Amino acid sequence: MVIVFILMFCAAGWMGFALFLSGDKSKKKAEANAPEILDKAFVGEDVVFKINDASPKYETVVLGAKAPGYRLAQ
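Residues numbered from 1 in each chain as written. Predicted model: local features only at pLDDT ≥ 70, side-chain atom pairs only at ≥ 80, totals over all residues. Heavy atoms only, no water.

Caption draft 1: Up close: the overall build of the chain. On a plain count of helices and strands, the chain comes out with three helices and zero strands. Its helices and strands in sequence order give the chain the pattern α-α-α, from N to C terminus. For the chain, the residues scored as buried account for 15% of the 74 residues in total. Per element, the accessible surface of the chain, about 6300 Å² overall, is 66% carbon and sulfur. Across the chain, the mean location of the 9 positive side-chain charges is 4 Å away from that of the 8 negative side-chain charges. (Helix = DSSP H or I, 4+ residues; strand = E, 2+ residues; numbered from the N terminus. Buried < 20%, exposed > 50% of the residue type's maximum accessible area, 1.4 Å probe, protein only. Areas by Shrake-Rupley, 256 points an atom, 1.4 Å probe, with all protein chains shown as cover. Lys, Arg positive; Asp, Glu negative; His and termini not counted. Charge placed at Lys NZ, Arg CZ, Asp CG, Glu CD.)

As structure tokens, this is what we get:
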């Protein structure tokens, strides 16, 4: 019974590590493609941009918004 719990914790740890790596990989991909992502997002007067694992970092979005002249509201 103890071995089953140990194996469950090991499996959960490996799954968590795999999810961490995939999130890190998608964040790096979003950072690499930030100019294209922000060009598509910043169209119109009022734009809402949500930060998540598949988007560029907050700092990148802020700098990308200021470059074309957007005013940021929080």
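Caption draft 2: Expanded view of a nonpolar patch on the surface. A cluster of nonpolar side chains, namely M1, V4, F5, M8 and F9, defines an oily patch on the protein surface of about 610 Å² accessible area. Residue F5 is classed as partly exposed on the basis of its relative accessible area, which comes to 43%. (Patch = residues over 30% accessible without salt bridge, like charges linked within 9 Å, V, L, I, M, F, W, Y side chains within 5 Å. Salt bridge = Lys/Arg side-chain N within 4 Å of Asp/Glu carboxyl O.)

Caption draft 3: Representation of the packing of aromatic side chains in the model. According to the stated counting rule, one finds two aromatic pairs in the structure shown. Ring centres 6.3 Å apart and planes at 85 degrees place the aromatic pair W14 and F17 in the edge-to-face group. With W14 and F17 both in helix α1 (residues 2-32) and three residues apart, the pair spans about one turn of that helix. Each ring, one from F42 and one from F49, has its centre 6.3 Å from the other, and the planes form 45 degrees; the classification is tilted. (Phe/Tyr/Trp six-rings, centres within 6.5 Å; stacked < 30°, edge-to-face > 60°.)

Caption draft 4: Highlighting the side chain of S55. Mapped onto the elements of the fold, S55 is located in the loop between α2 (34-41) and α3 (58-66). A relative accessible area of 4% means that S55 is categorised as buried. Side-chain polar atoms of S55 contact the backbone nitrogen of N52, separated by 2.8 Å. Aside from chain neighbours lying at most four places away, what touches S55 is K27, A30, F49 and K50. (Polar contact = N/O pair within 3.5 Å; in protein donor to acceptor, adjacent residues only side chain to side chain. Contact = heavy atoms within 4.5 Å.)

Caption draft 5: Representation of α3. Taken residue by residue, α3 has V61, V62, G64 and A65 as its buried positions. In an axial view of α3, the angular spread of the buried residues amounts to 165 degrees, which keeps them on one side of the axis. The exposed set on the far side of α3, more than 90 degrees from its buried face, consists of L63 and K66. Tucked into the core, α3 has its buried residues touching α2. (Arc of directions from axis to C-beta.)

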